[in-house]
Amino acid sequence: MIRSQTDRSGFFYAFSAYLIWGLLPLFWKLTGHIDPVEVTAHRALWSLPVAGVILWWIGRTGDILPTLKSPRKMGILFICSCLISANWGVFIWAIAVERTLETALAYYINPLLTVLLGFVFLGDRFNRLQLVAILIAAAAVLMLTVLGGEFPWLSLFLAATFGVYGLLRKTVDVGPTQGFLVEILLIFPIVFGFVIWLQTSGTGVFLKGETNWLLLMLAGPATAVPLILYAFGAKQLRLSTIGLMQFMVPTMLFLLSIFVFGEPLREIQLYAFIMIWIALALYAWSILANERNQKSHPLGKRMA
């Protein structure tokens, strides 16, 4: 019964995180009149107090000190903060210029890219289904480039920055919430100085207009809250459950781009999405099959 209750709370946390992430383009659309670089700076700036309060509330502020004392961890987390900031900025820009469909493709590709990065850099193994899935996704990208006449740099940039970010975070022994706070701390002087410069030079919009200040301040909670909800959920759920739930976000992005934002879906893009969906179906099947194998051979798993 306790385990069931834990699963339910973990599912609620993770589902809430993915739901917020999937709906966030509606919020970023409201900031479309603001320079994406300024929005990204405020996104990091106002994330810091939110993450700090939550970490204090759960009583884990003491976990940060060992990380601050490690030059290796601080170096990796600084790179992580740069990667995720670049990811945030390009994502916000893509929403503003009506290229949400390409962000959906990015986050459909991301799980497969993560598997490939794990194989190359961490020595992870992928099975035949995952290999076929990766090859199908690569074929979809090649088709978009050759037949579509445009290299899908936006989708690949978002997928790559987020994938490498996740890869590097796996190499640092620090909790997700604590790591996020340290990442924000590392870039805080940069974004704070940038925001001050914008305001003193007269180019910043924080104090211009009736709602700009509110939108930019809300960018912090919009960033920190789903990340922390996800951290709680991932801790309580099986990896396979999290792996399948992550498809919520690109699916919501895909639906928003077409039915809410009215972005055109070219025929070649539709074919690419169909190929990616087939690849993800194989990937999902491989996750479920792996979980069944682990349940069938628990002793073998412990002895491996």
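Residues numbered from 1 in each chain as written. Predicted model: local features only at pLDDT ≥ 70, side-chain atom pairs only at ≥ 80, totals over all residues. Heavy atoms only, no water.

Can you tell me about the overall build of the protein chain, naming the residues and giving the values?
If you tally the helices and strands in the protein chain, you get 14 helices and zero strands. Traced from its N-terminal end to its C-terminal end, the protein chain shows the element sequence α-α-α-α-α-α-α-α-α-α-α-α-α-α. The C-alpha radius of gyration of the protein chain comes to 20 Å, within 12% of the 19 Å expected for a compact globule of 304 residues. By its C-alpha atoms, the protein chain is 60 × 50 × 40 Å across when sized along the principal axes. With 304 residues in all, the protein chain has 48% of them scored as buried. Partitioning the contacts of the protein chain with sequence separation of at least 6, the portion at a separation of at least 24 is 84%. Side chains of the protein chain carry 21 positive and 14 negative charges; the gap between the two charge centres is 14 Å. (Helix = DSSP H or I, 4+ residues; strand = E, 2+ residues; numbered from the N terminus. Rg over C-alpha atoms; globule rule 2.2 N^0.38 Å. Buried < 20%, exposed > 50% of the residue type's maximum accessible area, 1.4 Å probe, protein only. Contact = heavy atoms within 4.5 Å. Lys, Arg positive; Asp, Glu negative; His and termini not counted. Charge placed at Lys NZ, Arg CZ, Asp CG, Glu CD.)

Provide a residue-level description of the packing of helix α3 (residues 47-57) against helix α9 (residues 176-201), including the pertinent values.
With their axes 10 Å apart at the nearest point, α3 and α9 run at an angle of 145 degrees to one another. Crossing handedness for the pair α3 and α9: left-handed. Two secondary-structure elements touch here, α3 through Ser47, Leu48, Ala51, Gly52 and Leu55 and α9 through Thr177, Gln178, Phe180, Leu181, Ile184, Leu185 and Phe188. Here the residues of the contact of α3 with α9 sort into eight nonpolar, four polar and no charged. (Axes fitted to C-alpha atoms, helices over the stretch in contact; angles between N-to-C directions. Left-handed = near helix turned anticlockwise from the far one by under 90°. Nonpolar A, V, L, I, M, F, W, Y, C, P; charged D, E, K, R; others polar.)

I'd love a proper account of the pattern of salt bridges, names of residues and values included.
Applying the stated criterion across every chain, the model contains three salt bridges. Put simply, Glu102 and Arg99 hold a salt bridge, and the shortest N to O gap is 2.7 Å. Like Arg99, Glu102 is buried. Among the salt bridges present, the one from Arg99 reaches Glu150, with a minimum N-O distance of 3.7 Å. Of the two residues, Arg99 sits in the loop between α5 (71-96) and α6 (100-121) while Glu150 sits in the loop between α7 (128-146) and α8 (153-170), which places them 51 residues apart along the sequence. Judged by its relative accessible area of 18%, Arg99 is buried. (Salt bridge = Lys/Arg side-chain N within 4 Å of Asp/Glu carboxyl O.)

Describe the packing of aromatic side chains, and please don't skip the residues or the numbers.
In this structure the tally under the stated criterion is 20 aromatic pairs. Their ring planes at 40 degrees and their centres at 5.8 Å tell us that Phe273 and Trp277 sit as a pair that is tilted. Of this pair, Phe273 and Trp277 both sit in helix α13 (residues 267-296), four residues apart, which is roughly one turn of that helix. Taken together, the ring pairs connect Phe91, Tyr107, Phe162 and Tyr165 into an aromatic cluster. Positioned above the aromatic ring of Phe261 is the side chain of Lys29, whose terminal nitrogen or guanidinium carbon lies 4.7 Å from the ring centre. (Phe/Tyr/Trp six-rings, centres within 6.5 Å; stacked < 30°, edge-to-face > 60°. Lys NZ or Arg CZ within 6 Å of the ring centre and 35° of its normal.)

Can you explain unusual backbone geometry? Please cite residues and give values.
One non-glycine residue, Glu98, adopts positive backbone phi at about 60 degrees. Within the secondary structure, Glu98 sits in the loop between α5 and α6.

For the side chain of Thr177, give the residues involved together with the corresponding values.
By the element assignment, Thr177 lies in helix α9. Overall, the relative accessible area of 5% leaves Thr177 in the buried class. In this view, Thr177 contacts Leu55, Ile228 and Ala231; residues no more than four positions away in its chain are not counted.

Would you mind going over the side chain of Glu263 in detail, with residue names and values included?
With respect to the helices and strands, the residue Glu263 is situated in the loop between α12 (248-260) and α13. It turns out Glu263 is buried and unbridged, and the closest side chain with the opposite charge, Lys29, is 5.1 Å from it. A distance of 2.9 Å separates a polar atom in the side chain of Glu263 from a polar atom in the side chain of Thr100. Apart from residues no more than four positions distant in its own chain, Glu263 is found in contact with Glu98, Arg99, Thr100, Leu101, Ser257 and Ile258. (Polar contact = N/O pair within 3.5 Å; in protein donor to acceptor, adjacent residues only side chain to side chain.)

So, the environment of Leu48: which residues are in play, and what are the values?
In this fold, Leu48 is placed in helix α3. Residues Leu48 and Leu218, spaced 170 residues apart in sequence, show a C-alpha to C-alpha distance of 12 Å. Among all residues touching Leu48, those that are not within four sequence positions of it are Leu181, Ile184, Leu185 and Phe188.

No statement about biological role is implied by the geometric values presented.
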